[in-house]
Amino acid sequence: MFKSVVPVLAQVPAEVCLGQQNRGMATLKAISIRLKSVKNIQKITQSMKMVSAAKYARAERDLKQARPYGVGAQQFYEKAEVAAKEEEPKKLYIAVTSDRGLCGAVHTGVARHIRGDLAADPNIKVICVGDKSRAILQRLYSKNIEMVCNEVGRLPPTFLDAAKLTNAILNLGYEYTDGKIIYNKFKSVVSYAVADMPIFSLKSVESAEKLPVYDSLDSDVIQNYLEFSMASLLFFAMKEGACSEQSSRMTAMDNASKNAGEMIDKLTLTFNRTRQAVITRELIEIISGASALESKD
């Protein structure tokens, strides 16, 4: 049989052989290129998962140390029963996000929460901590954004960062009566929720009903404490957001690696089937040509 194949191949036109082979090879080449790219993506997502796991472990340790700052600052407003009593309140929202993505819906949840309040009250002013919240809110509510803070999320947040942010907010020139710090509250490795903490102006604190419970409080002392409490709340919110972001990125990269693995299995199966089909078709064509020549003879 193999002796008869040689003259068959010699008599079959070269254009026909090359055309059929190129069609099969083109499909195989496209599948192999896609398979290689998916494997590279899987390596990247697995590496990002490992990096996020290490950063998450550090962020969780830092969060435990920063939690007393936020809890202690909130206790004063609760015990003194501080509330905004102005007839025309001026609200200020601080959206705590970061500049980095690939972490699920962490930043989208904060922006969605603020967007719902802006739809009800368009006079609310927003300060975006992180570029992700600005990118989401500026499409519809660009006039409500007072300030944007970039370069957030590349390094772990520190109290110095929160102090600089507090100084920028107080020197902004916008006199607010009350507001909220909206952030992601960390619950577990796979769970977080959007939460908020209240902030108040000096006039609102001075008009609190139970403020006389604290002795020796004048305007300077209250102003100094408000500045420190805002820095503490922002520091706590940034630590909560960083921990939630790293845990969400770790989960997202794990899911991406699993999806890439499933896609690699499907592409490998498709590649093997296509290659087998090409080989089978070429064998059928060779045998058919040989049979045709034998029948002529």
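Residues numbered from 1 in each chain as written. Predicted model: local features only at pLDDT ≥ 70, side-chain atom pairs only at ≥ 80, totals over all residues. Heavy atoms only, no water.

The chain carries the name ATP synthase subunit gamma in an unreviewed UniProt entry, which gives Aedes albopictus as its organism. The record in UniProt for the chain states the following under Subcellular location (unreviewed entry): "Mitochondrion inner membrane". Its UniProt record, at the heading Sequence similarities (unreviewed entry), says of the chain: "Belongs to the ATPase gamma chain family." (UniProt positions renumbered as here; feature names shortened; annotations may be inferred.)

S.K.: What should I look at first to understand the pattern of salt bridges in this one?
M.R.: It is possible for side chains of opposite charge to pair when their charged atoms get near one another. The final tally for this structure, using the stated rule, is ten salt bridges. Salt-bridge contacts for D62 lead to R58; the nearest nitrogen and oxygen are separated by 3.9 Å. Note that D62 and R58 are positioned in helix α2 (residues 14-80) at a spacing of four residues, about one turn of the helix. Looking at D62, the relative accessible area reads 18%, which means it is buried. The closest approach of N and O atoms between K258 and D254, which form a salt bridge, is 3.6 Å. Taken together, the residues span about one helical turn, with K258 and D254 both in helix α7 (residues 219-296) at a distance of four residues. (Salt bridge = Lys/Arg side-chain N within 4 Å of Asp/Glu carboxyl O. Helix = DSSP H or I, 4+ residues; strand = E, 2+ residues; numbered from the N terminus. Buried < 20%, exposed > 50% of the residue type's maximum accessible area, 1.4 Å probe, protein only.)

S.K.: Looking at this structure, how should I read the nonpolar core?
M.R.: Formed by 43 residues in total, the largest nonpolar core has its most connected members in Y77, I94, I169, I181, V205 and L234. Of all the elements in the fold, those that place two or more residues in this core are α2, β1 (91-96), β2 (125-129), β3 (145-149), α5 (159-170), β4 (178-188), β5 (191-200) and α7. Here the element with the most residues in this core is α7; it accounts for eleven residues. Each residue touching I181, except ones within four places of it in the same chain, is listed here: I94, V96, A195, D196, M197, I199, L233, L234 and A237. Within the second largest apolar cluster, 14 residues are counted, among which are Y93, I114, I136 and I182. (Core = buried A, V, L, I, M, F, W, Y, C linked by side-chain atoms within 4.5 Å. Contact = heavy atoms within 4.5 Å.)

S.K.: Please clarify how the confidence of the model for the chain should be interpreted in this entry.
M.R.: Detailed reading of the predicted coordinates is not advisable wherever pLDDT is low. Taken as a whole, the chain shows an average pLDDT of 85; of its residues, 89% reach a score of 70 or greater. Here residues 1-21 scores under 50 on pLDDT; set against residues more than four positions off or in separate chains, the count is 13 contacts. (pLDDT = per-residue confidence, 0-100.)

S.K.: Help me out: how do you make sense of the packing of helix α3 (residues 106-120) against helix α4 (residues 131-141) in this one?
M.R.: Two quantities define a packed helix pair, namely the angle between the axes and the distance from one axis to the other. It is the contact of α3 with α4, at a shortest axis distance of 9 Å, that shows an interaxial angle of 30 degrees. Taken as axis vectors, α3 and α4 run roughly parallel relative to one another. For the crossing formed where α3 meets α4, the hand is right-handed. Seen from α3, the contacting residues are H107, T108, A111, I114, R115, L118 and A119; seen from α4, they are K132, I136, L137 and Y141. In terms of residue class, the contact of α3 with α4 is made up of seven nonpolar, two polar and two charged. (Axes fitted to C-alpha atoms, helices over the stretch in contact; angles between N-to-C directions. Parallel < 35°, antiparallel > 145°, perpendicular 65-115°, else oblique. Left-handed = near helix turned anticlockwise from the far one by under 90°. Nonpolar A, V, L, I, M, F, W, Y, C, P; charged D, E, K, R; others polar.)

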